[in-house]
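Chain by chain, the residues:
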Amino acid sequence: MMLWRQFAMEWRLYRRDRVAMFWTFAFPVVLLLGFGTIFRDGGGPKLSVVRVQAPAPGPQDTALDQALVDVQLKVQALPKTEAEARWSRGETAAQLETDGAGYRLRLNSYLMAQAGATAGLVNQAWLMAQARLNGSPEPQRIPVSVESPGHKHSANYAAFLLPGLLGLNLVSMGLFSVGMVNVSYREKGKFRRLAVTPLPKWIFLLGQVLHRLTVTVVQAAILLLVGRLVFGIENQGSFVDLFLIMTLGTGCFMAFGFALSGFAETSEGYAAISNLVFFPLMLLSGVYFTLDSAPAWLQHAVAMAPLAPFLRALRAVFNDGGSLAGHGAGLAIVAAWGLAAFALAVRRFRWA
Amino acid sequence: MTGSALQIRGLRKAFPKVVAVDGVDLDVARGEVFGLLGPNGAGKTTTLEIIEGLTTADAGDIEILGLTWAERGQEIRARIGVQLQSTSLFNKITPREALDLYGSYYPKRRSTSELLDLVQLQEKADAYHITLSGGQQQRLALALALVNDPELVFLDEPTTGLDPQARRSLWDVVRRMKAEGRTVMLTTHYMDEAEALCDRLAIMDHGKVIATGTPASLISDLAIPSVVELTFEGDAPEPAAFAARLEQAVERRADLWEIPTPDPKALLPRLLEAAESAAVPFQQVHIRRATLEDVFLHRTGRSLRE
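Within every chain, residues take consecutive numbers counted from 1 along the sequence as written. To label them, take the chains in the order written and letter them from A, then take the ligands in the order written and number them from 1. Owing to the predicted nature of the model, reporting of local features is limited to residues with pLDDT of at least 70; listing and counting of side-chain atom pairs is limited to 80 or more, with chain, interface and lining totals taken over all residues. Just so you know, side-chain values use all the structure's heavy atoms and leave hydrogens and water out.

Student: Would you mind showing me how to read a nonpolar patch on the surface here?
Tutor: In this scheme, patches are assembled from residues that exceed 30% relative accessible area and form no salt bridge. Like charges are connected within 9 Å, while nonpolar side chains (Val, Leu, Ile, Met, Phe, Trp, Tyr) are connected within 5 Å. The accessible surface values rely on the Shrake-Rupley method and a 1.4 Å probe; as for residues, cover is taken only from the protein chains in view. Salt bridges are counted wherever a side-chain nitrogen of Lys or Arg sits within 4 Å of a carboxyl oxygen of Asp or Glu. Taken together, the side chains of Val19, Phe22, Trp23, Phe27 and Val30 of chain A present a nonpolar region at the surface, about 530 Å² in accessible area. Helix and strand assignments come from DSSP, with helices taken as H or I runs of at least 4 residues and strands as E runs of at least 2, each series counted from the N terminus. When you line up the elements, Val19 of chain A lands in helix α2 (residues 18–38).

Here it is, written out as structure tokens:
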């Protein structure tokens, strides 16, 4: 009863801060809509190549262009100046241009994963075109397809992004909401005012934690709904698994918030400390992009941080319909971080 | 009800750099308004926080309403009311909600509308806390301290930072508490507040109680019921020479001289004579009754405000 009253009051006061509440719920949706739309085609199922248009296309050019389409490449034919402009903006992974009597394929070193795969297809197409020109039998070729490991959602960057945003919400809830609120309550003496009443302090804390949890659940529900309505993304795995992973993550990152709040005297100090933890976690843990091309040591370090294995398990379930069984090690890392943070929180937590 | 509301023996609390409370004994009787008077840093707030259970003492015994923190902490919390030096609430909670919420923490509670009446916040009952004036916030803090119908109320500098009118209206609330039979213990560094509100006082300095008694007895114990205050036009004369001529001790406090005296009528003619022969024109001569300020000054050699 006391707990319920505390919880209800937290929500009532939270609803009054409309600006904060709006952005809490709207920000992930804006990110999803924004990035999901921008990258809707870029990371699509087809590998693409920019074809610099020949000034006077000969039969060889025509045959090659046809072959490029036949090997399922997406071809963007552009005049030389436009192609160069696009190349220098760094948007092109691979660019095929005429070089004297032959051709040249330029690959973007920043986009080697796409560029390398594209190069293989371009060479297939070239063999095909030569065979057709010579009238000799076409070489056998191995068909290439681009898919996600679970054969689902392969077309959609939004589908990759959405679990990342779910994870990001948990982290920011733990680090910013829970941790910041604790520090400011201590700083402003709210804990002390409560300490002179008979209300058990754990009820107050639990009320707060439950409030944050429900905020997170609402956030997740909104994100899932928008993902489904706008991008047609659906949870491919079981909702039980999804719930278990989310619960583990919530516990882990909330413990982070509690632990960090023990290290700051003031809200300003806490903002600095939490950002110090938040930004590396967020940037390096694959919320927005994968780290396939990062150096190996960095990949190992990131794999030991809690967010990356959490997101991997989340994506495996959500995007690929996998089970939790294969992610025991990763989830153990998350749980270990959570326990360590909890132990630290218990040691450092102060009421005044 | 008679008997002791609060009994403290040998209370001590040291912080890394300072001994905040250094062997304090206090007795507060039921139904009285008891004041802790002293300058900032005297140890008043630390003493109060130990009594309220917010800080643990290094040594000493405390009995509150016959109970001890170690044995009956929850019962003490249920029977005392506390106003902290600054009461922090949510920005967007209303007085009505705050009183309902805090009231729900207690087994016994007073009705919210009764409390709003008591502190005259009916009109602001549904305004957000952040929109209340300093005096209104302080009155809400008082109402919160009364939400459980407490037998013993602690007020830590209840009027600091308030304008004179807001102070008066807070004093009325404190007097009402006493009229309702509650015991009140408050801290203040305003001597007028201590004189106006308190039945008995303890004067604190450097963590020690240096005097205890009713305001009247503390002043009469000084045996100098009056003080003559002098200011001069132009440069003041040399005090030692002037005191010798006057045959009376003179205390110099910046531009103001103070001459404590049991008999101002006898002093005045001699004073005028001395001034005439030394050829120093007065700007102002002022006779006033001794105050708690003088008590503090005589016990410590320092002013309360220093």
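Here the narrative resumes, following the displayed structure.
Student: Could you clarify how one ought to interpret helix α5 (residues 134–145) of chain B in this entry?
Tutor: One turn of an α-helix holds 3.6 residues; hence residues three or four places apart share an orientation. Compared with an ideal rise of 1.5 Å per residue, which puts 12 residues at 16 Å, α5 of chain B spans 17 Å between its outermost C-alpha atoms and is within 8% of the ideal. We call a residue buried when its accessible area falls under 20% of the maximum for its residue type, exposed when it is over 50%, and partly exposed in between, using a 1.4 Å probe and counting protein chains only. Within α5 of chain B, 10 of the 12 residues are buried, leaving the element largely enclosed by the surrounding structure. Among the residues of α5 of chain B, those classed as buried are Gly135, Gln136, Gln138, Arg139, Leu140, Ala141, Leu142, Ala143, Leu144 and Ala145 of chain B. Check the buried side of α5 of chain B and you find it contacts α7 (190–195) of chain A together with β5 (80–83), α3 (95–103), α4 (112–118), β6 (152–156) and α6 (164–179) of chain B. A helix is expected to reach a length of 1.5 Å times the quantity of its residues less one. Whether two residues are in contact is decided by their heavy atoms, any of which lying within 4.5 Å being enough.

Student: Got a minute to help me understand the sheet that holds strand β2 (residues 74–78) of chain A in this structure?
Tutor: Think of a sheet as strands paired side by side through backbone hydrogen bonds, with each pair either parallel or antiparallel. Residue and element names in this part refer to chain A. In this description, strands pair whenever DSSP reports at least two bridges between them. With mixed pairing, 4 strands are arranged side by side in an open sheet as β2-β1-β3-β4. Two strands bound the open sheet, and with one partner strand each, they are β2 and β4 (102–107). Strand-to-strand twist in this sheet, taken as the mean axis angle between neighbours without regard to direction, amounts to 25°. Here strand β3 (residues 94–99) runs beside β4; their pairing, made up of 6 bridges, is antiparallel. Every angle, taken between N-to-C directions, lies between 0 and 180 degrees, and every axis is a line fitted to C-alpha atoms, over only the stretch in contact when it is a helix.

Student: Is there a simple way to think about the pairing of strand β1 (residues 4–15) of chain B in this case?
Tutor: For a regular strand, side chains alternate in direction, first toward one face of the sheet and then toward the other. Residue and element names in this part refer to chain B. The pairing of β1 with strand β2 (residues 18–29) spans 9 bridges and is antiparallel. Opposite Leu11, over in β2, you have Val24 as the bridge partner. Linking β1 to β2, which pair antiparallel, is a turn of 2 residues. By the bridge criterion, 5 bridges tie β1 to strand β4 (residues 59–64) in an arrangement that is antiparallel. Across the sheet, Arg9 pairs through a bridge with Asp61, a residue of β4.

Student: Hey, could you run me through the sheet that holds β5 of chain B in this one?
Tutor: All names here are of chain B. Reading across from one edge, β5-β6-β7-β3-β8-β9 is the order of the 6 strands in this open sheet, with mixed pairing throughout. Across the chains shown, the open sheet's two edge strands, defined by having one partner strand only, are β5 and β9 (208–213). This sheet shows a mean twist of 15° between the axes of neighbouring strands, independent of strand direction.

Student: Just to check I follow, could you spell out α6 of chain B for this structure?
Tutor: All names here are of chain B. Between its terminal C-alpha atoms α6 stretches 23 Å, which fits the 22 Å expected from 16 residues at 1.5 Å a residue. Residues of α6 that are buried: Ala166, Arg167, Leu170, Trp171, Val173, Val174 and Met177. The buried side chains of α6 occupy one side of the element, clustering within an arc of 160° when seen end-on. For α6, the exposed residues set more than 90 degrees away from the buried face come down to Pro164, Gln165, Arg168 and Ala179. Looking at the packing, one finds that the buried side of α6 touches α4, α5, β6, β7 (183–188) and α7 (191–197). Gly181 occupies a position one or two residues after α6 and carries a positive phi of about 90°. This arc is built from the directions going out from the helix axis to the C-beta atoms.

Student: It is not clear to me how the nonpolar core should be interpreted in this structure. Could you clarify?
Tutor: As a rule of thumb, soluble globular proteins bury nonpolar side chains together. To define a nonpolar core, start from buried Ala, Val, Leu, Ile, Met, Phe, Trp, Tyr and Cys residues and group those joined through side-chain atoms within 4.5 Å. With 110 residues, the main nonpolar core has Leu32 and Phe310 of chain A as its most contacted residues. The element contributing the most residues to this core is helix α6 (residues 157–188) of chain A, with 16 residues. In this structure, Phe310 of chain A is in contact with Gly167, Leu170, Ile245, Met246, Gly249, Phe253 and Val334 of chain A, ignoring residues within four places of it in sequence. Formed by 29 residues, the second largest nonpolar core is a distinct cluster that contains Val196 of chain A together with Val24, Leu36 and Leu48 of chain B.

Student: When you look at the pattern of salt bridges in this model, what are you seeing that I'm missing?
Tutor: Any two side chains of opposite charge can pair, on the condition that their charged atoms come close. All names here are of chain B. Counting across every chain of the model gives 37 salt bridges over all chains. Here Lys13 ties to Asp58 by a salt bridge, and the two come within 4.0 Å at their closest N and O atoms. Separated by 45 residues along the polypeptide, Lys13 in strand β1 and Asp58 in the loop between α1 (44–51) and β4 bring together distant segments of the chain. For Asp58, a relative accessible area of 46% gives the class partly exposed. Linking Arg175 and Asp172 is a salt bridge whose minimum nitrogen-to-oxygen distance equals 3.6 Å.

Student: Help me out: how do you make sense of the packing of helix α12 (residues 307–318) of chain A against helix α13 (residues 328–348) of chain A in this one?
Tutor: Helices that pack against each other are described as a pair by the angle of their axes relative to one another and the distance between those axes. All names here are of chain A. Two elements in contact, α12 and α13, have axes separated by 8 Å at closest approach and are oriented at 135°. Between α12 and α13, the angle falls in the class oblique. Crossing handedness for the pair α12 and α13: left-handed. Contact with α12, carried on its side by Pro309, Phe310 and Ala313, involves Gly330, Leu331, Ile333 and Val334 of α13 and no other residues of that element. Basically, the charged four are Asp, Glu, Lys and Arg, the nonpolar ten are Ala, Val, Leu, Ile, Met, Phe, Trp, Tyr, Cys and Pro, and anything else, Gly included, counts as polar. Looking at the contact of α12 with α13, its residues break down into 6 nonpolar, 1 polar and no charged. Oblique is the label for any angle not under 35 degrees, not over 145, and not in the 65 to 115 range, which are roughly parallel, roughly antiparallel and roughly perpendicular in turn. Here is the rule for handedness: rotate from the far helix to the near one, and if that takes an anticlockwise turn smaller than a right angle the crossing is left-handed, while a clockwise turn gives right-handed.

Student: Is there a simple way to think about the interface of chain B and chain A in this case?
Tutor: Between chain B and chain A, the contact holds 24 residues from the first and 19 residues from the second. Roughly 2,300 Å² of surface becomes buried between chain B and chain A when both sides are summed, with 59% attributable to carbon and sulfur atoms. Three residues, Ser88, Phe90 and Tyr105 of chain B, lead the burial of chain B against chain A; their summed loss comes to 27% of the area buried on that side. There are 3 salt bridges connecting chain B and chain A. Between Glu49 of chain B and Arg192 of chain A there is a salt bridge, with the nearest N and O atoms lying 2.2 Å from each other. When two components associate, each loses some accessible surface as probed by a 1.4 Å sphere; the sum of these losses over both components is called the buried area.

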